[in-house]
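Structure at a glance
Residues per chain, in single letters:
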Amino acid sequence: MTQPFRIKGAGTLPHTRTIQFTFDGQSYEGYEGDTLASALLANGVHLMGRSFKYHRPRGVVAAGPEEPNALVGITRDRARHTPNVRASVQELYDGLNATSQNRFPTLNFDIGALNSLMSPFFPAGFYYKTFKWPAKAWDALYEPFIRRAAGLGEAPTESDPDRYVNRFAHCDVLIIGGGAAGLAAAQAAAEKSQSVILCDENPAMGGWLLADSDIQIDGQTGAQWAANMAAELATRDNVRLLTRTTGFGYFQHNMVGLVERITDHQARPEPSQPRERMWQVRAKQVVIAQGSIERAMVFPGNDRPGIVLAGAAQKWLNQYGVSVGSRIGVYTACDTAYAAAFDLHEAGIGIEVIVDYRKVVDETILAQAREHKIEVVLGATVAQTTGRLRINGMQVKTATGEQKEFDIDALLMSAGWTPSLHLYSQSRGKPVWDEASQRFLPGESPQDCICVGGCTGTDSMEQVLAEAERALGNKPRKFDIEDDVSTDGGIIGATGNSTEKGKAFVDFQNDVTAKDIALAVREGMHSIEHVKRYTTNGMATDQGKLSNMHGLAIAANLLKKPIPEVGLTTFRPPYTPTTFGSFVGHTRGPLFDPERKTPIHDWAVENGADFEPVSLWQRAWYFPRAGETMHEAVDRECRTTREIAGIFDASTLGKIEVTGPDAAAFMNIMYTNSWDKLKAGRAKYGIMCREDGFIYDDGVVGKLSDTRFHVTTTTGGAPRVLNHMEDYLQTEFPEMKVWLTSTSEQWATIAVQGPKAREIIEPLVTGADISAENFPHMSVVECKVCGVPARLFRISFTGELGFEINVPADYGRSIWDAVWRRAQPLGACAYGTEAMHVMRAEKGYIIVGQDTDGTVTPHDAGLSWAIAKSKPDFVGKRGMMRPDLVREGRRQLVGLKTSDPGKVLEEGAQIVEDPEQPVPMKMLGFVTSSYWSGTLGKSIALALIEDGSLRLGETLYVPMADEIIEVEVTGTVFYDEKGERLHG
Amino acid sequence: MLLIHCPYCEADHPELEFANAGEAHIVRPREMSNMSDEDFEAMFFIRDNPKGVSLERWRHVHGCGRFFNALRHTVSDTFLKVYKAGEARPSNDEIAKLIK
Amino acid sequence: MAKSPKATRVLPNQDHLTSNAFVTLEAAPAASRISLRASPRGAAAFAKNIGFDLPAKPSTSKSKSGVVALWLGPDEWMVFSESEPEKSLQPRRDHREYSATDISHRNTAYIVSGSGAQATLNSSCPRDLSQATFPVGACSRTILGKAEVILYRTGKEKFRVECWRSFAPYVWGLLVSGAQDANL
């Protein structure tokens, strides 16, 4: 017989479409509209998982997102496997394939359950106590052990093939939770023509109304009323209804994150549909209608499969038409469990007994129990339960101390309801303890946010609806409500005596018992935050939705302190587990980061370049020819450039247009150099420091006119340099008439370097005389290149005769092609960033960020000549005078020559005076740049070394793992020391 | 994510458009060469880190590009006031009033 | 001296075009663009070059005879024109009260139009783009994913998205992705 626990006539599911699914390989049937949990329960399956620490057999306890036990893996294919899915919220679809977790070899027989026998050795704080010594055991023993035990469920091994999307949205009112309160609030807001977003994590609006058989609103059942409200709201243009959508995080200034699950309930999702949509909603007002969550009773043996929350059992019956058993017991401290028992009884299910922890219960309810002929035992506790994979009995201790045994196959429990303060607390609201009702309630709202309904502790439907209307500033309408279920009662903490035998679980998923909490308190954890971390109470994937209040009450009781003094742990996003995919959205692959390419990029691709990333840019690294290694290609590019010419795409360099009558004065502030005497048409190498006196950026600056500078920056430094300049201009020197504009991407920059550089470009240039006499090194001219307005620099980062052609970027490729058509027949080559690095190092030109690290002054870098000492002020002038920056013994940039010329040092390698000294050695400094120089036939290196400028000619050592390399300290210029080639 | 009122755009805009630029109202003297080491240390290195009202600079870097000042409560993240660069620092009395 | 060859212009996004039932994405034609930084007096002086006053209210625009001026900051405007892009707007270059810098090639633009235009942009842009807060004619620098863009609403269901040229493929990718989710 299939679905033996499906109750005919019960529930609101149509029971028309049968759905096939598997759990641990076994096939089952359910109905459309079922959750995985309700369908398994219909088939009599309670055992759905194993606990994390003791591997105890566990059944589903809750019917909502708070479920701690029934975590399963859902597999669609190799790449689509989702671990730790709560069976209580996973909607059933045809072919759903679920597997249990944390068990070996099977769910029924699990070797890991031996941990349970060992439990005396795994007390709270076990990890902290056990894995302390000996230190050697950590690598060999402890870490592998912990790693094996860690983690719940298995992650898929392939990358996620699904699409995720993101949406920023704005609205007047965002309502989180589509139960009675949320629906009423949405309607009230909608009628005031406000833009409304109403979200609910379930497939349909209605919340608890869908499970409540007693309530009548305006002559309709709760479920009918909710469906009609939702249908009416859906017709309005100013309302967006989002089902299957969880408000998972409440951030600053009324920004709320929602995740909408779009395809997880579908058997065959449309490939065009995203799996999930992240909504980042900014609302003028937020209405939180999160409802409340029922607590489990804490008693010995409270974790056997078949023991469920009373409200969950009621929901499974009234919504899904499923009974959790056929001989059911009830253990409660709250009136609501009676309603669940009566509903089941009316559906023909045997209720064996209601054990009520309370001594006194309202007579109306007791009368109803008598009508149902259900035995009620007041002032009693459940002392123990029995049954290995499913509960089969319980021992009850009556008020008089008498022991009673009951044969049961399911046990409903209710310790009362905890208002859900998760989002309220995330909004930085401070929950307030209500002594009378023994619960935390929302206090004042620091943001424009209001809580309504169950999460404020309001129980009566009439008040809930009135509250929702009032939240929107409306006068409450009159609803015709029939609702006679009492919600009185409740307990926090354990029932019975904690010295009793058997484990009374507080946190099911992490296997934290009442005794563990007591132990933590005994061992000195007096703040709830410490108790939580020591015991891991509330730290599982359910974030303590069932356990936090119990843990707090047990600790407070032992500490003999009022609950608010022990404190409430902080609620943090996400409210329920949220996929990484939803956070990533569509920003993956090519949309993860912009990949910037120059206008000449495609030429480099066509010509076989390898690329390297430089900040967000892709730059041509070298251009290997057939059969060439990188080393050979770079050697050839350097040699060709020095002997003939090379062309290089320098478009990524940052460029800033500095203009205005005070431009030179501003440059005097921003750069260490003096700009007063620079003539229009000339260029200069500039150094920019921060106020601390350390090098921040560098670059060549061309003066186009008395009021206009063409400033270049490093590739990666462009945005921060512009920000740095704007900062000083706007906030320190606002009186200056200077304006800044980024032109980095306005210009494509083509460097042509080498003895034949002039011969290559001369025919392309019009409107300028670029002869050696009239256009010397460090010049700039505005002219035309290939008929296009251009800025032509005569500068060199190679030490050769060199030009840099700046042309409007859309012409970059065309003009590069023209240059190449001139260069190629002469035997010139294109070179990449690696050859550029080698050639600049041969000349001792620094690269900011490689030869400097944010603690190097211009003096340290050997650039004292670039500091205009006579200037009254520039950024970094005072900083450079600091005692530590002028002392002796600072690291200074020098060159290194290896005794073995074939030995290329490693960048970053440390340098010492005496390699025989005992470890730890005194490090004098380190290698910043190191290359093989094909031109010189030897290795070259730059290094920062203590008192480097005083050590020229000294022999030092670079100790490596397998050898000690002898080096000689030299100047930083290795090639053409007199700089004659520049002037060709 | 913060919602920040830009005093130049005269509108609330998402934090993603802004960059925090450190503490506000730190005066950089024009004659810095004469500063004592102690004064330089106080000016350049020492910063308040209040639990409460922080006087800070922001730049609407991906908007109008302007630097401006703000009073933000570091516990609630509430902006008590934003004002243009160059405007006077609010008095302690005014700050106390704004907190209320 | 040999006659210099003529260069040809290649836009970074010239073949970009796609559409679905809700939104059309296309590269805007070449334009001449000027980044104007100016004092109040400079703004008035510059206005003579284009024949109309620059917008003074934050996030607003003005246009006349195909020349559009967007307010980007209290001392910053972008002025652009799609007619005769090669004869870009060329006011006197060095002026005591303003700076007019040619950025025709720095920027490139896309046109996003259709009933799903706003949704497409809001897949990556955190701004409230409802007509109440960002009406036709509104403009602003903002963020699209990790790229800085200038949004300019040219119609109820039409936006111009300006970005720096090297960000164009990335911005295009975000728009194409957003367009797939533009039906709601």
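Procedures and definitions
- Residues numbered from 1 in each chain as written.
- Chains lettered and ligands numbered in written order.
- Predicted model: local features only at pLDDT ≥ 70, side-chain atom pairs only at ≥ 80, totals over all residues.
- Heavy atoms only, no water.
- Helix = DSSP H or I, 4+ residues; strand = E, 2+ residues; numbered from the N terminus.
- Buried < 20%, exposed > 50% of the residue type's maximum accessible area, 1.4 Å probe, protein only.
- Contact = heavy atoms within 4.5 Å.
- Areas by Shrake-Rupley, 256 points an atom, 1.4 Å probe, with all protein chains shown as cover.
- Domains from an automatic or database assignment.
- Buried area = accessible area lost by both parts, 1.4 Å probe.
- Salt bridge = Lys/Arg side-chain N within 4 Å of Asp/Glu carboxyl O.
- Polar contact = N/O pair within 3.5 Å; in protein donor to acceptor, adjacent residues only side chain to side chain.
- Pairing = 2+ DSSP bridges.
- Axes fitted to C-alpha atoms, helices over the stretch in contact; angles between N-to-C directions.
- Phe/Tyr/Trp six-rings, centres within 6.5 Å; stacked < 30°, edge-to-face > 60°.
- Lys NZ or Arg CZ within 6 Å of the ring centre and 35° of its normal.
- Expected span 1.5 Å × (residues − 1).
- Core = buried A, V, L, I, M, F, W, Y, C linked by side-chain atoms within 4.5 Å.
- Nonpolar A, V, L, I, M, F, W, Y, C, P; charged D, E, K, R; others polar.
- Patch = residues over 30% accessible without salt bridge, like charges linked within 9 Å, V, L, I, M, F, W, Y side chains within 5 Å.

1. Some words on the overall build of chain B
- A tally of regular secondary structure across chain B gives two helices and six strands.
- In sequence order, the secondary structure elements of chain B are arranged as β-β-β-α-β-β-β-α.
- Projecting the C-alpha coordinates of chain B onto the three principal axes gives extents of approximately 40 × 30 × 20 Å.
- Counting over 100 residues, chain B shows a buried share of 42%.
- The contacts of chain B with a sequence gap of at least 6 include a subset with a gap of at least 24, amounting to 46%.
- Put simply, chain B shows about 5,200 Å² of open surface, and 49% of that area lies on carbon and sulfur atoms.

2. Observations concerning the side chain of Asp162 of chain A
- Structurally, the position occupied by Asp162 of chain A is in the loop between helix 4 (137-149) and strand 8 (164-176).
- Contacts of Asp162 of chain A, omitting those with residues within four sequence positions, involve Arg80, Arg275 and Arg588 of chain A.

3. Brief notes about the domain arrangement of chain C
Residue and element names in this part refer to chain C.
- Annotation of chain C at the domain level lists domain 1 (13-30 + 106-184) and domain 2 (31-103).
- For domain 1 and domain 2, the distance between their C-alpha centroids amounts to 22 Å.
- Between domain 1 and domain 2, the residue contacts involve 16 residues of the former and 15 residues of the latter.
- For the domain 1 and domain 2 pair, buried surface summed over both sides reaches about 1,300 Å², with 51% attributable to carbon and sulfur atoms.

4. Considerations on the pattern of salt bridges
Residue and element names in this part refer to chain A.
- Applying the stated rule across the entire model yields 71 salt bridges over all chains.
- Where Glu232 meets Arg236, a salt bridge forms, and the shortest distance between an N and an O atom there is 2.9 Å.
- Glu232 gets classed as partly exposed once you look at its relative accessible area, which sits at 27%.
- Here Asp817 ties to Arg813 by a salt bridge, and the two come within 3.1 Å at their closest N and O atoms.

5. Observations regarding the interface of chain A and chain C
- Counting residues at the interface gives 54 residues for chain A and 53 residues for chain C.
- Summing both sides of the interface, chain A and chain C together bury roughly 4,500 Å²; the carbon and sulfur share of this comes to 50%.
- At the junction of chain A with chain C, the criterion picks out eight salt bridges.
- Note that Asp810 of chain A is salt-bridged to Arg165 of chain C, the shortest N-O span being 2.3 Å.
- There are 31 residue pairs in polar contact (both at pLDDT 80 or more) connecting chain A and chain C.
- Those elements giving two or more residues to the side of chain A that touches chain C turn out to be strand 8, strand 15 (276-288), strand 35 (654-659), strand 39 (739-742), strand 41 (765-766), strand 43 (788-794) and helix 22 (812-823) of chain A.

6. Some remarks on helix 8 (residues 336-346) of chain A
Residue and element names in this part refer to chain A.
- For helix 8, a buried count of nine out of 11 residues is recorded, marking the element as mostly surrounded by other parts of the structure.
- Buried within helix 8 are the following residues: Thr336, Ala337, Tyr338, Ala339, Ala340, Ala341, Phe342, Asp343 and Leu344.
- Positioned one or two residues after helix 8, Gly348 has a phi angle of 95 degrees, which is positive.

7. Things to note about the sheet that holds strand 37 (residues 695-705) of chain A
Residue and element names in this part refer to chain A.
- Spatial ordering of the open sheet is given by 36-37-38-35-39, a layout of five strands whose pairing is antiparallel. The open sheet has two free edges, formed respectively by strand 36 (683-689) and strand 39, since each of these has just one partner strand. The average undirected angle you get between the axes of adjacent strands in this sheet is 30 degrees.
- Of the pairings in the sheet, the one linking strand 35 to strand 39 comprises four bridges and is antiparallel in character. By the bridge assignment, Thr659 is partnered in strand 39 with Trp739.

8. Considering the packing of aromatic side chains
- By the definition in use, this model includes 27 aromatic pairs over all chains.
- On the numbers, 5.5 Å between centres and 15 degrees between planes, the contact of Phe40 of chain B with Phe44 of chain B is stacked. Residue Phe40 of chain B and its partner Phe44 of chain B are both found in helix 1 (residues 37-44); the two are separated by four residues, about one turn of the helix.
- For Phe40 of chain B, a relative accessible area of 1% gives the class buried.
- Site record: aromatic cluster; members linked through ring pairs are Trp603, Phe623, Trp816 and Trp820 of chain A.
- Taking the ring centre of Tyr54 of chain A as reference, the NZ or CZ of Lys503 of chain A above it sits at 5.2 Å.
- Its end group placed over the ring of Tyr575 of chain A, Lys545 of chain A keeps NZ or CZ at 4.6 Å from the ring centre.

9. Details of the environment of Arg596 of chain A
- Residue placement: Arg596 of chain A occurs in the loop between helix 16 (580-584) and helix 17 (601-606).
- Residues Arg596 of chain A and Ile328 of chain A lie 268 residues apart in sequence; the distance between their C-alpha atoms is 67 Å.
- Setting aside its immediate chain neighbours within four residues, Arg596 of chain A contacts Leu616, Trp617, Gln618 and Glu745 of chain A together with Trp164, Ser166 and Phe167 of chain C.
- Of the polar contacts made by the side chain of Arg596 of chain A, one reaches the side chain of Glu745 of chain A; its length is 2.8 Å.

10. Looking at unusual backbone geometry
Residues and elements named next belong to chain A.
- With an omega dihedral of -5 degrees, the bond running from Pro573 to Pro574 counts as a cis peptide bond.
- Along the polypeptide, Pro574 turns up in the loop between helix 15 (563-566) and helix 16.
- Across the junction of Val919 and Pro920, the peptide omega takes the value 0 degrees, indicating a cis bond.
- Within the secondary structure, Pro920 sits in the loop between strand 47 (910-911) and strand 48 (925-933).
- One non-glycine residue, Asp24, adopts positive backbone phi at about 50 degrees.
- Positionally, Asp24 belongs in the loop between strand 1 (18-23) and strand 2 (26-31).
- A positive phi is found at Asp976, a non-glycine position, where the angle reads about 50 degrees.
- Among the structural elements, Asp976 can be located in the segment after strand 51 (964-970).

11. A closer look at the sheet that holds strand 6 (residues 81-86) of chain A
Residue and element names in this part refer to chain A.
- Strand order in the open sheet formed by five strands is 2-1-7-5-6, and the pairing between neighbours is mixed. At either end of the open sheet lies a strand with only one pairing partner, and these are strand 2 and strand 6. Strand-to-strand, the axes of this sheet are offset by a mean angle of 35 degrees, without reference to chain direction.
- Across three bridges, strand 1 lies against strand 7 (residues 96-100) in parallel orientation. When the sheet's bridge partners are listed, Thr22 is paired in strand 7 with Asn97.

12. Brief notes about helix 18 (residues 630-643) of chain A
All names here are of chain A.
- In this model helix 18 runs 20 Å from its N-terminal to its C-terminal C-alpha over 14 residues, within 8% of the 20 Å that 1.5 Å per residue would give.
- If you check which residues of helix 18 are buried, you get Ala633, Val634, Asp635, Arg636, Glu637, Cys638, Thr640, Thr641 and Arg642.
- In the core, the buried residues of helix 18 are packed alongside strand 33 (617-622), strand 34 (646-649), strand 40 (747-753), strand 45 (829-830), helix 23 (833-842) and strand 48.

13. Re the nonpolar core
- Ranked by internal contacts, the top residues of the largest apolar core, which has 86 residues, are Leu36, Trp316 and Leu412 of chain A.
- Tyr685, Met839, Ala861 and Leu893 of chain A belong to the second-largest nonpolar core, a separate cluster that totals 40 residues.

14. Describing the interface of chain B and chain C
- Between chain B and chain C, the contact holds 13 residues from the first and 14 residues from the second.
- In total, chain B and chain C occlude about 1,100 Å² of area from one another, counting both sides; carbon and sulfur atoms represent 56% of this.
- Across the chain B-chain C interface, the total number found is two salt bridges.
- For Asp75 of chain C, the salt bridge is made with Arg66 of chain B, and the minimal N-O distance between the two is 3.3 Å.
- At the junction of chain B and chain C, the tally comes to seven residue pairs in polar contact (both at pLDDT 80 or more).
- Class assignment for the residues of the side of chain B that touches chain C results in six nonpolar, four polar and three charged.

15. Some thoughts on a nonpolar patch on the surface
- Residues Phe104, Phe109, Ile111, Leu114, Leu117 and Met118 of chain A make up a contiguous nonpolar surface patch of about 670 Å² in total accessible area.
- Assignment of secondary structure puts Leu117 of chain A in helix 2 (residues 114-117).

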